[in-house]
Amino acid sequence: MTKQLDGAPPRARLAEVVKTEELTPHLRRIVVAGPELTTLPEDTLGRYVKVLLPGQDGGRPNLALRGPAAAIKRSYTVQHYDAARGELSLDFVVNRHRGPATRWAAGAEVGHALGIAGPGPRKPMPLQASHYLLVGDLTSINALWYYAERLPAGARADVLIEIPTAEDRQALPSLPGVRVHWIVEQPDSRRLLQAVQACTGVSAQSEVFLGTEAGKVRAVKGYLLERTGISSLMMQTTGYWKRGVDAERFGKEKQQNPL
Ligand SMILES: Cc1cc2nc3c(=O)[nH]c(=O)nc-3n(C[C@H](O)[C@H](O)[C@H](O)COP(=O)(O)OP(=O)(O)OC[C@H]3O[C@@H](n4cnc5c(N)ncnc54)[C@H](O)[C@@H]3O)c2cc1C
């Protein structure tokens, strides 16, 4: 966020697309850069930023965070941050749903401008267990991997990643003690719950990160609380999106009824 000297509402930082890459049929990496991105906090990696989407008026950037002309904002996780170059890499789910962010990302080309606000806080995990269960989908893959790379020495982790199709698997670097399970998703939670139940390393002492569709977060959290004895204090849970509900409405719902 950039402070305004004239009392105008704070605005986002200006950024421009410098590179795009199709990672899988449903995930597109967009690298954005700009002088205003050189001063983000050092620990920006793995946190989320708000992407401020340009208006329909020829794609001019809208950096207004508040007020009647505020831009449409969506949350995206930082996959890579290079402060010296002022570059941020973000991975967008595409070809899956209709919404302003996914539409912008699918059509983004080098030179297109947008606003970046944040980063927002990262959910703290104690990282004191010997086993971890990290569950998510393409929207949270960068958050899952952020934690997977920071587990204590000797710890083991099961990382469950739901993907729309088998072609959406990525060649992730192998990490000691970390087992990645790719699950081709179904709209309901059954297949994901079966995969969680099949993780034999889960015990009452496991630490958990859950970041995926809201209904699935509830289903997996409910199962873990009921059947494994893991305390809710050892679970970081976030609804990354909600089926049938856009991000604005979902944000308001989360305030009234947190997961
Ligand atoms: C902390 C945080 C970090 C996030 N990081 C990322 C990230 O790095 N990459 C990423 O792609 N997303 C990420 N998301 C999720 C992303 O913000 C939402 O998916 C957002 O709703 C997308 O906005 P949109 O304009 O495309 O769709 P919206 O206008 O919000 O929604 C339109 C419709 O599309 C549906 N929808 C939204 N997202 C999806 C989806 N992924 N799959 C299927 N249907 C969907 C909604 O249910 C709704 O019916 C993150 C969310 C949070 C809370």
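Residues numbered from 1 in each chain as written. Predicted model: local features only at pLDDT ≥ 70, side-chain atom pairs only at ≥ 80, totals over all residues. Heavy atoms only, no water.

1. Quick look at the confidence of the model for the protein chain
Looking at the protein chain, pLDDT values average 94 and 96% of them are 70 or higher. Interface predicted TM-score (ipTM) for the complex: 0.99; the corresponding pTM is 0.96. (pLDDT = per-residue confidence, 0-100.)

2. A few points about the side chain of Glu213
Positionally, Glu213 belongs in strand 10 (residues 207-213). One buried charged side chain, Glu213, makes no salt bridge at all; its nearest oppositely charged neighbour is Arg243, positioned 4.9 Å away. Leaving out residues up to four positions away in the same chain, Glu213 has contacts with Asp137, Trp241, Lys242 and Arg243. (Helix = DSSP H or I, 4+ residues; strand = E, 2+ residues; numbered from the N terminus. Buried < 20%, exposed > 50% of the residue type's maximum accessible area, 1.4 Å probe, protein only. Lys, Arg positive; Asp, Glu negative; His and termini not counted. Salt bridge = Lys/Arg side-chain N within 4 Å of Asp/Glu carboxyl O. Contact = heavy atoms within 4.5 Å.)

3. With respect to the pattern of salt bridges
One pass over the structure, following the stated rule, counts 14 salt bridges. Across the pair Arg85 and Asp82 runs a salt bridge, and its minimum N-O distance is 4.0 Å. Its salt-bridge partner being Asp188, residue Arg190 comes within 2.7 Å of it at the nearest N-O pair. Look at Asp188 and you get partly exposed, because its relative accessible area is 31%. Taken together, the salt bridges that share partners define one network made up of Asp82, Arg85 and Glu87.

4. Comments concerning the packing of aromatic side chains
What the rule picks out here adds up to four aromatic pairs. A centroid spacing of 5.5 Å and a plane angle of 85 degrees characterise the contact between Tyr146 and Tyr147, whose relative ring orientation is edge-to-face. Each of the two residues, Tyr146 as well as Tyr147, counts as buried. Put simply, the rings of Tyr76, Phe92 and Trp104 touch in pairs and so form one group of aromatic residues. (Phe/Tyr/Trp six-rings, centres within 6.5 Å; stacked < 30°, edge-to-face > 60°.)

5. Overview of helix 4 (residues 214-227)
Here helix 4 spans 20 Å end to end across 14 residues, near enough to the 20 Å set by a 1.5 Å rise per residue. Among all positions in helix 4, only Ala214, Lys216, Val217, Val220, Lys221, Tyr223 and Leu224 are buried. For helix 4, the elements touching its buried residues are strand 7 (131-137), strand 8 (156-163), helix 3 (190-197), strand 10, strand 11 (235-241) and helix 5 (247-256). N-cap assignment for helix 4: the residue whose side-chain oxygen lies 2.8 Å from the backbone N of Gly215 is Glu213. Looking one or two residues beyond helix 4, the residue adopting positive phi is Gly229, at roughly 80 degrees. (Expected span 1.5 Å × (residues − 1). Polar contact = N/O pair within 3.5 Å; in protein donor to acceptor, adjacent residues only side chain to side chain.)

6. Comments concerning the side chain of Thr212
Mapped onto the elements, Thr212 comes out in strand 10. Given a relative accessible area of 1%, Thr212 falls into the buried group. With near-sequence residues (within four places) excluded, Thr212 lies in contact with Gly136, Asp137, Glu162, Val217, Thr238, Gly239, Tyr240 and Trp241.

7. Observations regarding the environment of Arg98
Considering the arrangement of structural elements, one finds Arg98 in the loop between strand 5 (87-93) and helix 1 (100-107). Arg98 sits in the exposed class, given a relative accessible area of 86%. Along the sequence, Arg98 and Asp246 sit 148 residues apart, while their C-alpha atoms lie 9.6 Å from each other.

8. Considerations on the nonpolar core
Core analysis: the largest hydrophobic core is formed by 23 residues, its most contacted members being Tyr132, Leu134, Val159, Ile161 and Phe209. Where this core is concerned, the elements lending two or more residues are strand 7, helix 2 (141-148), strand 8 and strand 9 (178-184). The greatest single-element share of this core, amounting to seven residues, is contributed by helix 2. If we skip the residues at most four places from it in the chain, Leu134 touches Met125, Leu144, Tyr147, Ala148, Asp158, Val159, Leu160 and Phe209. Ranked by size, the runner-up nonpolar core spans 22 residues in total, among them Leu53, Tyr76, Ala101 and Leu114. (Core = buried A, V, L, I, M, F, W, Y, C linked by side-chain atoms within 4.5 Å.)

9. A closer look at the sheet that holds strand 8
Overall, parallel pairing links the five strands, which are arranged 9-8-7-10-11 in an open sheet. Only two strands of the sheet have a single neighbouring strand rather than two, namely strand 9 and strand 11. Strand-to-strand, the axes of this sheet are offset by a mean angle of 10 degrees, without reference to chain direction. Direction of pairing for strand 7 relative to strand 10: parallel, over a ladder of five bridges. Bridging from a neighbouring strand, Gly136 pairs with Gly211 of strand 10. Along the sheet, helix 2 makes contact with strand 7, strand 8, strand 9, strand 10 and strand 11, crossing strand 7 at roughly 165 degrees. (Pairing = 2+ DSSP bridges. Axes fitted to C-alpha atoms, helices over the stretch in contact; angles between N-to-C directions.)

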